[in-house]
Structures are given as C-alpha cells and as structure tokens.
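Results of the structural survey
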Amino acid sequence: MKVTVFGTGYVGLVQGAVLADVGHQVLCVDVDAQKVAALQAGQIPIHEPGLDALVINNQQLGRLQFTTNAEEGVAHSELIFLAVGTPPDEDGSADLQYVLAVAQTIARHMDGPRIVINKSTVPVGTADKVSAVIAAGLEQRGVQYPFDVVSNPEFLKEGAAVGDCQRPDRIIIGTGNPASEAKLRELYAPFNRNHDKIVVMDVRSAELTKYAANAMLATKISFMNEIANLAERLGANVEAVRRGIGSDPRIGYHFIYPGVGYGGSCFPKDVKALIHTAKEVDFEPLLLNAVEDRNHAQRHVLFERIQAFYGGELQGKTVALWGLAFKPNTDDMREAPSRNLLEALWAAGARVRAYDPVAMQEALRIYGERADLQLVDGPLAAVQGADCLAIVTEWQVFRAPDFELLAKTLGDRMIFDGRNLYDPALPASHGLGYVSIGRPAHQPR
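These remarks concern the structure in this document. (Residues numbered from 1 in each chain as written. Predicted model: local features only at pLDDT ≥ 70, side-chain atom pairs only at ≥ 80, totals over all residues. Heavy atoms only, no water.)

Comments concerning the pairing of strand S12 (residues 388–391)
As a reminder of what qualifies: A 1.4 Å probe rolled over the protein chains alone gives each residue an accessible area, and that area as a share of the maximum for its type sets the label: buried under 20%, exposed over 50%, partly exposed in between. Going along the chain from the N terminus, every DSSP run of H or I of four or more residues is numbered as a helix, and every run of E of two or more is numbered as a strand. Pairing between strands is defined by DSSP: at least two bridges between the two strands are required. A right-handed crossover is one whose linking path, passing over the helix from the first strand to the second, runs clockwise when the strands point away from the viewer.
Of the two faces of S12, the one carrying Cys-388 and Ala-390 and the one carrying Leu-389 and Ile-391 are both buried. Direction of pairing for S12 relative to strand S13 (residues 414–417): parallel, over a ladder of four bridges. Of the residues in S13, the one forming a bridge with Leu-389 is Ile-415. Considered for its hand, the β-α-β crossover made up of S12, helix H17 (residues 403–409) and S13 is right-handed.

Right, dumping it as structure tokens:
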C-alpha cells in the first residue's frame, strides 16, 4: 500500500520506516529541509536503537522516501498519517497548530478520497477539528471529495520504539467508518498475524485512550515515589516494598521503580494536557493534579539530599553526574530530571562533570559551552576531581562500577543514587557513603 507520513520525529520516522520494512511504499514529508536532506543522506537525527539500519535499508530498496514537497505527499497516497508535534502550550494544553496546518495542506492539495490518520497525541475532539478544517478548505476550493479522519494513537517507548512498532501489543483504530477500518486492517495486517491485536472504537474514545494510558503509567510512577518518601520516614526499604507489591499480578512490576520522577516528551506533556482537558469540561482532576505535584517535587529530591549533606554550602563543590537523558537508550533530554539537578547545582555555585553514553551533544545544544559544565568521555572521567557522584539515568554502563576506585577518587566519598542501582551495603563496604531513594542512608564502613 502507498502511505504518506507528515512529520519525521520519533513517531513519524519510526512508523514510516517500520511500514516500509514490511513492503509498503512510504513517503515521509517534513517542512525542515535540513532534516530531510540529512535523512536522504542516511543521517538519522535521533538516537533510537535499530532505527538507522531500518531507514537506510528501506531507502536503498526504494520503499522509503523523504520530501519537503507537501503537494507530492498528499498526491502520493489515499492514506495520510499525521505525526507532527503537539507541544504543550503555556496553559498546559496541547498546541494543535502543526496538526491543523497539515489538515489545511491536505485540503489544499487533495484530488480524491483520503483517509487522514491521526498518529499524533491530541486532545479529545481533535479529529472533529481536523475534519472541519479539511471540509472548510474543500469548500473554499469549490470541490467535494470524500474523506475520513481516523484516530490511531501510538504507544511507543523511546529507546524501544522500533520493537514496539514492529510488535505492537495493541492497535487502536478510532473510526465509525467501515471502509476506513478495512483499509487500516489491510495496512496493519503484517503486524496482526499472531493474534488479533486490533481494537476498534469510536474516535473520541481512541483519542482518550492514549492520554489515559500515559496518565496511568505516570500515576504508577508518582505513587511509588510517594511510597518511597513515606518509607524513608518510617525506616522501611522501598525496594522490599516494591517486590512485595509487584508480586501481586493485579499490580505487576512495571513502572513501580522509585526514582527522581518521570520526564521525556510524553508523560509530563500528556498529564498536563489531560488536566487541561478535564478543566475545560468543568471537571477537577484531583488524582491527575496529585500525580503532577508529586512528580514536580520528586525531581528536586536528589538536589535536596546533596544540599543537606553539604549543609547548604555547595559553592566551589564539583559534582560528577552519571546520566543526562531522561531514560536509557535515548538522547532525549526533554523534561529530563538531570536538567533540574544541573540547574539547581549551578544556582548553588557547584560545578558539574557529566557523562552520558548518547546525550552529550544534546546537553551541549541545550546549555552551550559554560565554565561550570564539563562533558567528559566516560564514567570514570566524570569522577576525576569530583567531590561526590550523582546518578540520574539507569544506563547499563553504570550498573557495576569499581567502588574501590570511586572511594579513592571522590573527594567526599559520597554517592547520591536517584535510580537505586546498587545494594546499599556494597558501596558502604568500600568506604563510600550512599544515599538512594526510599531506603535508609548507608554510611561507609
């Protein structure tokens, strides 16, 4: 099948490449000429395991193409995916300007029936707005063509997006049109062979499903962080509690790891947008408000621990930082807890020596060259000349460090672990102080 994808960010690029990989003819459209030129040259603008090979291979086979020509994109296919950004507006709502701009483009250039498939994360009611924009555009041209707007939300995890797209656990199709449903069933047939993963529902329910899924996962994270803070004050160990409740199949082990809060491009934005949507219909989302409040507070916990250890005197201290990305296997630093920590440390007069396996360039792009930030080429280089170590991203490379070497290198022999990577007794046995989340602090032995 021929497919057009508007937008080449995480969602659009991954979805386009995976559809091409099963044989569909995919044309990706983006307004960013520099990005399109880079993609045509086989240069992938984001770090996502497995994506480089997928894009390059399918380009070479002629199944995946990139263009800035929107008219060409609309003409290419009856199936048009919207996968453009919906950044948060100042009031927390999702900014739909890019989605609606593509809708105007489709209306301006369509020359026959089209099925517009909304892959972007958008508030409930967006399909109606897209339909209205296309209808108005066609009326302005004085033409009539049949079209349908379908909600088909993505459920991709950054760092595992290719696998999630190739092996989806569910495919949500929001439409009341049997013809559109049949087309999407045909499109997704290669991903629906083992058992039927397609769930068909009305458009508004599909739009809400995406927000509800992310809000539920964010809720689990904030709940566990709440329990971690309580555990510390009660002398309990949150890791033991986590194992105890995770063994209940009604709860499970996923998304119940305490830490320094959730970040990235999805959870913070989607929780805010759902809160805004609720208030628009005069409903006060008490639980969602609490989820966001707990996460906001949790993002400052690690700095508070470091500040308390030094009695509020951080001027002139050097902190080694392991991890910059908001999670492993991505270079994404949007809403990353590392940013809260970095900015708080700088405001207190501290310097930072930081290392991340893939997010160093992104940190440089965000903060530029500055005297109080050194980006170094490895975990051990980060601790050289540092007074203490802070960990905010649970990369594999950080999981089994040389504690004896850390004890010899860190000036104040302290680790502040925001991801609970280690058994507290282990660093303590090597003469290191160790502060983690939801567990008793361990002093060196």
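Re the layout of surface pockets
The probe, sized like a water molecule, is rolled over the atoms to show the empty space still left. Defined as follows: Residues are called lining when one of their atoms sits within 4 Å of a cavity or pocket point, these points coming from a 1 Å grid over the protein atoms alone, where a cavity is a set in which a 1.4 Å probe fits but cannot get out and a pocket is an open set with protein on both sides within 12 Å along at least five of seven lines. Grid points are joined across faces, edges and corners, and a volume is the space filled by probe spheres set on the points. Throughout this entry, Asp, Glu, Lys and Arg are counted as charged residues, while Ala, Val, Leu, Ile, Met, Phe, Trp, Tyr, Cys and Pro are counted as nonpolar. The remaining residues, Gly among them, count as polar.
What the second largest pocket holds in volume is close to 200 Å³. Lining the second largest pocket are 13 residues; nearest its centre among them are Pro-123, Val-124, Lys-129, Thr-277 and Glu-280. Looking at the lining of the second largest pocket, the elements with two or more residues in it are helix H6 (126–141) and helix H11 (267–280). In terms of residue count, H11 provides more of the lining of the second largest pocket than any other element does, four residues in total. For the lining of the second largest pocket, the per-class residue count stands at six nonpolar, five polar and two charged.

A few points about the sheet that holds S13
This is how the line gets drawn: Lines are fitted to the C-alpha atoms to define the axes, a helix being fitted only along its stretch in contact, and any angle between axes, read from their N-to-C directions, falls within 0 to 180 degrees.
The strand order across the open sheet formed by six strands is S11-S10-S9-S12-S13-S14, and the pairing between neighbours is parallel. Each edge of the open sheet is held by one strand with a lone partner, namely strand S11 (373–375) and strand S14 (433–435). Averaged over all adjacent pairs, the angle separating strand axes in this sheet is 20°, with direction ignored. Here strand S10 (residues 351–355) pairs with S11 via three bridges, running parallel. Bridge assignment links Arg-353 to a residue of S11, and that residue is Gln-374.

Section: a negative patch on the surface
Condition: Distance thresholds for patches are 9 Å for like charges and 5 Å for nonpolar side chains (Val, Leu, Ile, Met, Phe, Trp, Tyr), applied to residues having over 30% relative accessible area and no salt bridge. In short, Shrake-Rupley with a 1.4 Å probe defines the accessible areas, and a residue's cover is counted only from the protein chains shown. Each reported salt bridge corresponds to a side-chain nitrogen of Lys or Arg within 4 Å of a carboxyl oxygen of Asp or Glu. In summary, the charge assignment counts Lys and Arg as positive and Asp and Glu as negative, without counting His or the chain termini. Charged side chains are reduced to one point each, which is NZ for Lys, CZ for Arg, CG for Asp and CD for Glu.
Together, Asp-89, Glu-90, Asp-91 and Glu-280 make up a negatively charged patch on the protein surface. Relative to the assigned elements, Glu-280 resides in helix H11. Of the residues examined, Glu-280 reaches a relative accessible area of 58% and is grouped as exposed.

Quick look at empty space enclosed by the protein
Considering all chains together, one arrives at one cavity of 30 Å³ or more under this definition. Quantified by volume, the largest cavity comes out at close to 50 Å³. Asn-118, Ser-120, Thr-121, Val-122, Ser-151, Pro-153, Ala-206, Glu-207, Lys-210 and Tyr-211 together form the lining of the largest cavity. The element contributing the most residues to the lining of the largest cavity is helix H9 (residues 203–234), with four residues.

Details of the pattern of salt bridges
A pair can form between side chains of opposite charge whenever their charged atoms are brought close. Going through the model one piece at a time under the given rule, you end up with 23 salt bridges. Close ionic contact of Asp-169 with Arg-170 constitutes a salt bridge, the shortest N to O distance being 3.0 Å. The salt bridge partner of Arg-185 is Glu-181, with a shortest N-O separation of 3.0 Å. Residue Arg-185 and its partner Glu-181 are both found in helix H8 (residues 178–188); the two are separated by four residues, about one turn of the helix. Connected through salt bridges with shared partners, the residues Glu-158, Asp-332 and Arg-334 form a single ionic network.

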